[in-house]
Amino acid sequence: MYRDNPLKHVTWTDYQELPVNDRAPLFLRDGKPYHILFAQQYDRPTMERLCDLATRVRKIAKTRGGMRFLQDLVSEKRAMLYFAQPSTRTFLSFYAACQILGMQTAEVRDATTSSEIKGESQEDSVRTFSSYFDLLIMRHPIGGFAERIAWLLSNTDRPVPVMNAGSGKDQHPTQALLDIYTLQRSFDEHGGIDGKQIAFVGDLARGRTVRSLACLLRHYKGVKAYFVAPDSLQIGDDILEVLDAAGMVYEVTDDFRSVIPEVDAIYMTRIQDEWDQAQESRAIDTSGYHFCQEDLALLKPHAILMHPLPRRDEIDPAVDSDPRAMYWRQVRNGMWVRVALMLSIFERDNEVDRYYQDLIR
Ligand code: NCD
């Protein structure tokens with residue numbers, strides 16, 4: 001598994017100076033992402049392959065024999081879940097994905113219970129994890145920390161793969177991939193993701209899921225994005241530059257109600273005020289960026305409503321029973337996509353293809 005590793009030949013200082021597009025190839029093994037760190041690592045064929053694989057796994061898992069097959073696929077590997085930030089869904093989704101593949105897991109969710117409290121650096125703690133485990137799944141408040149760890153481990157004799165489960169205000173690639181899977185499934189009979197209009201609403205400045213998903217959408221043809229937020233919470237210029245470079249069309253607006261009837265998907269987000277020491281964002285009136293039951297009448301019949309969750313009051317729970325509310329489906333899709341990602345990291349995806357071919361024969 002630990003084949004020659006391009007990261008070994010790059011110093012950390014040189015790495016940090018590289019533009020993101022030049023970083024992405026350093027994390028590939030045999031043309032596939034080995035460390036999963038940021039959305040710019042994904043192109044369209046890789047995403048389509050991942051979605052197909054997730055669907056195959058989902059179908060195989062419906063039977064007892066299928067579950068038994070899946071549980072043996074990666075059963076010799078162990079995964080470490082290091083979550084230095086709060087999490088319910090993402091943690092359990094990764095945990096459940098490991099269980100489906102028969103992988104044993106361990107977790108550190110509170111750094112005060114680890115040797116960091118004795119003054120150990122986070123880098124040393126993580127290197128310790130790599131001594132016992134074969135996969136490191138990590139959530140961390142510092143943007144880019146997962147990249148630093150992937151680089152660090154690449155320069156050791158146990159360069160185990162790193163999956164970024166949310167880094168700072170920066171990136172959340174596995175959430176964005178499950179969002180792509182949800183969009184693809186939802187528009188399966190309506191021409192796929194190409195040509196769709198998608199609105200992102202809420203805290204786009206600090207919402208890492210939006211930042212990652214916007215980057216992925218640039219690979220689809222004719223997609224238009226609307227970034228709907230008050231000025232102080234608008235999407236960062238760094239993301240708009242990525243979209244500009246790809247020639248993707250977008251609009252930046254603060255008028256949510258005028259956007260609702262136009263779009264095929266609405267991606268709601270909560271205000272991320274945990275980042276805001278002075279609590280300034282609590283003073284912003286965000287009530288105009290809530291989706292209420294009356295808004296359902298404005299929404300196109302085939303449009304979908306998404307949310308990475310957790311929600312506060314930006315979606316009225318009365319909306320949940322509408323068939324266009326897709327956020328609970330998103331949660332379950334996340335588990336299948338994470339299984340698919342682990343299968344590709346450990347190169348067991350072809351075994352799933354073979355099993356699936358036999359199943360449908
Ligand atoms: C998101 C996150 O952690 O970035 N949650 C998630 O992983 N599904 C969104 C959020 O916390 O608001």
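See the structure above.
Summary of the structure given here.

Rules used throughout
Residues numbered from 1 in each chain as written. Predicted model: local features only at pLDDT ≥ 70, side-chain atom pairs only at ≥ 80, totals over all residues. Heavy atoms only, no water. Near = heavy atom within 4 Å. Polar contact = N/O pair within 3.5 Å; in protein donor to acceptor, adjacent residues only side chain to side chain. Areas by Shrake-Rupley, 256 points an atom, 1.4 Å probe, with all protein chains shown as cover. Nonpolar A, V, L, I, M, F, W, Y, C, P; charged D, E, K, R; others polar. Core = buried A, V, L, I, M, F, W, Y, C linked by side-chain atoms within 4.5 Å. Buried < 20%, exposed > 50% of the residue type's maximum accessible area, 1.4 Å probe, protein only. Helix = DSSP H or I, 4+ residues; strand = E, 2+ residues; numbered from the N terminus. Domains from an automatic or database assignment. Contact = heavy atoms within 4.5 Å. Pairing = 2+ DSSP bridges. Right-handed = clockwise from strand over helix to strand, strands pointing away. Phe/Tyr/Trp six-rings, centres within 6.5 Å; stacked < 30°, edge-to-face > 60°. Salt bridge = Lys/Arg side-chain N within 4 Å of Asp/Glu carboxyl O. Axes fitted to C-alpha atoms, helices over the stretch in contact; angles between N-to-C directions. Expected span 1.5 Å × (residues − 1).

**Looking at the site of the ligand**
Now for step 1: Close to the ligand lie Thr90, Arg139, His172, Gln175, Arg208, Thr209, Arg270, Gln272, Pro308, Leu309 and Pro310, which account for all nearby residues.
Now for step 2: In this structure, histidine 172 approaches the ligand through a side-chain N or O atom, which is 2.8 Å from an oxygen atom.
Now for step 3: In isolation the ligand has 320 Å² of accessible area, and contact with the protein removes 93% of it.
Now for step 4: When grouped by side-chain class, the residues that make up the shell around the ligand number three nonpolar, five polar and three charged.

**A word on the nonpolar core**
Now for step 1: By size, the foremost hydrophobic cluster in this structure holds 78 residues, and its most contacted members are Ile137, Phe200, Leu217 and Met342.
Now for step 2: Broken down by element, this core gets its largest block of residues, nine residues, from helix 12 (residues 327–345).
Now for step 3: Each of two domains, domain 1 (12–171 + 333–353) and domain 2 (173–331), supplies a minimum of three residues to this core.
Now for step 4: Those residues within four positions of phenylalanine 200 in sequence are excluded, and the remaining contacts are Val210, Leu213, Ala214, Leu217, Ala225, Tyr226, Phe227, Val228 and Tyr267.
Now for step 5: Listed in part, the 26 residues of the second largest apolar core include Leu26, Val126, Ala150 and Val160.

**Section: the pairing of strand 9 (residues 249–253)**
Each regular strand carries side chains that alternate between the two faces of the sheet.
Now for step 1: Here five bridges tie strand 8 (residues 224–228) to strand 9, and the two strands are oriented parallel to one another. Paired with valine 228 across the bridge in strand 9 is threonine 253.
Now for step 2: The parallel pair strand 8 and strand 9, bridged by helix 10 (residues 237–245), forms a crossover whose chirality is right-handed.

**Comments concerning the packing of aromatic side chains**
Now for step 1: Following the criterion strictly, the structure yields 13 aromatic pairs and no others.
Now for step 2: Ring geometry for tryptophan 12 and tyrosine 15: centres 5.2 Å apart, planes at 10°, overall stacked. Of the two residues, tryptophan 12 and tyrosine 15 are both situated in helix 1 (residues 12–17); the distance of three residues between them amounts to about one turn of the helix. Across this residue pair, the class does not change: tryptophan 12 and tyrosine 15 are buried.
Now for step 3: On the numbers, 6.4 Å between centres and 90° between planes, the contact of tyrosine 132 with phenylalanine 133 is edge-to-face.

**Examining the pattern of salt bridges**
Now for step 1: Using the criterion set out here, one finds 21 salt bridges in the structure.
Now for step 2: When the shortest N-O distance is used, the salt bridge between arginine 312 and aspartate 273 registers 2.9 Å. Here arginine 312, found in the loop between strand 11 (304–306) and helix 12, pairs with aspartate 273, found in the loop between strand 10 (265–268) and strand 11; they are 39 residues apart in sequence, far enough to count as distant.

**Details of the sheet that holds strand 3 (residues 78–83)**
Now for step 1: Judged by pairing direction, the sheet is parallel, and its four strands sit side by side in the order 4-3-5-6 without closing on themselves. Two strands close off the open sheet at either side, each with one partner strand: strand 4 (104–108) and strand 6 (162–167). When the angles between neighbouring strand axes are averaged without regard to direction, this sheet yields 15°.
Now for step 2: The sheet contacts of helix 5 (residues 89–100) involve strand 3, strand 4, strand 5 (135–140) and strand 6, and relative to strand 3 the element is tilted by about 175°.

**Comments concerning the side chain of aspartate 203**
Now for step 1: Mapped onto the elements of the fold, aspartate 203 is located in the loop between strand 7 (197–201) and helix 9 (208–217).
Now for step 2: Given the relative accessible area of 0%, aspartate 203 is considered buried.
Now for step 3: At a separation of 2.9 Å, a polar atom in the side chain of aspartate 203 contacts the side chain of arginine 206.
Now for step 4: Ignoring sequence-local partners within four residues, the contact set of aspartate 203 consists of Leu233, Thr269, Arg270, Ile271 and Gln272.

**Description of the pairing of strand 3**
Now for step 1: Counting buried residues along strand 3, five of its six residues qualify, which places the element largely inside the surrounding structure.
Now for step 2: In terms of strand pairing, strand 3 meets strand 4 through five bridges, oriented parallel. Each bridged residue has a counterpart across the sheet, and for methionine 80 the counterpart in strand 4 is alanine 106.
Now for step 3: In the sheet, strand 3 pairs with strand 5 via five bridges, with the strands oriented parallel. Bridge pairing links tyrosine 82 to methionine 138 in strand 5.

**What about helix 3 (residues 44–60)?**
Since the α-helix turns once every 3.6 residues, residues separated by three or four places project in the same direction.
Now for step 1: Here helix 3 is 17 residues long and its end C-alpha atoms lie 24 Å apart, about the 24 Å a rise of 1.5 Å per residue gives.
Now for step 2: Taken together, the buried positions of helix 3 are Arg44, Met47, Leu50, Cys51, Leu53, Ala54, Thr55, Arg56, Val57, Arg58 and Ile60.
Now for step 3: Looking at the packing, one finds that the buried side of helix 3 touches helix 4 (64–73), helix 8 (173–186), helix 9, helix 12 and helix 13 (349–360).

Any functional reading would require information beyond the geometric quantities listed.
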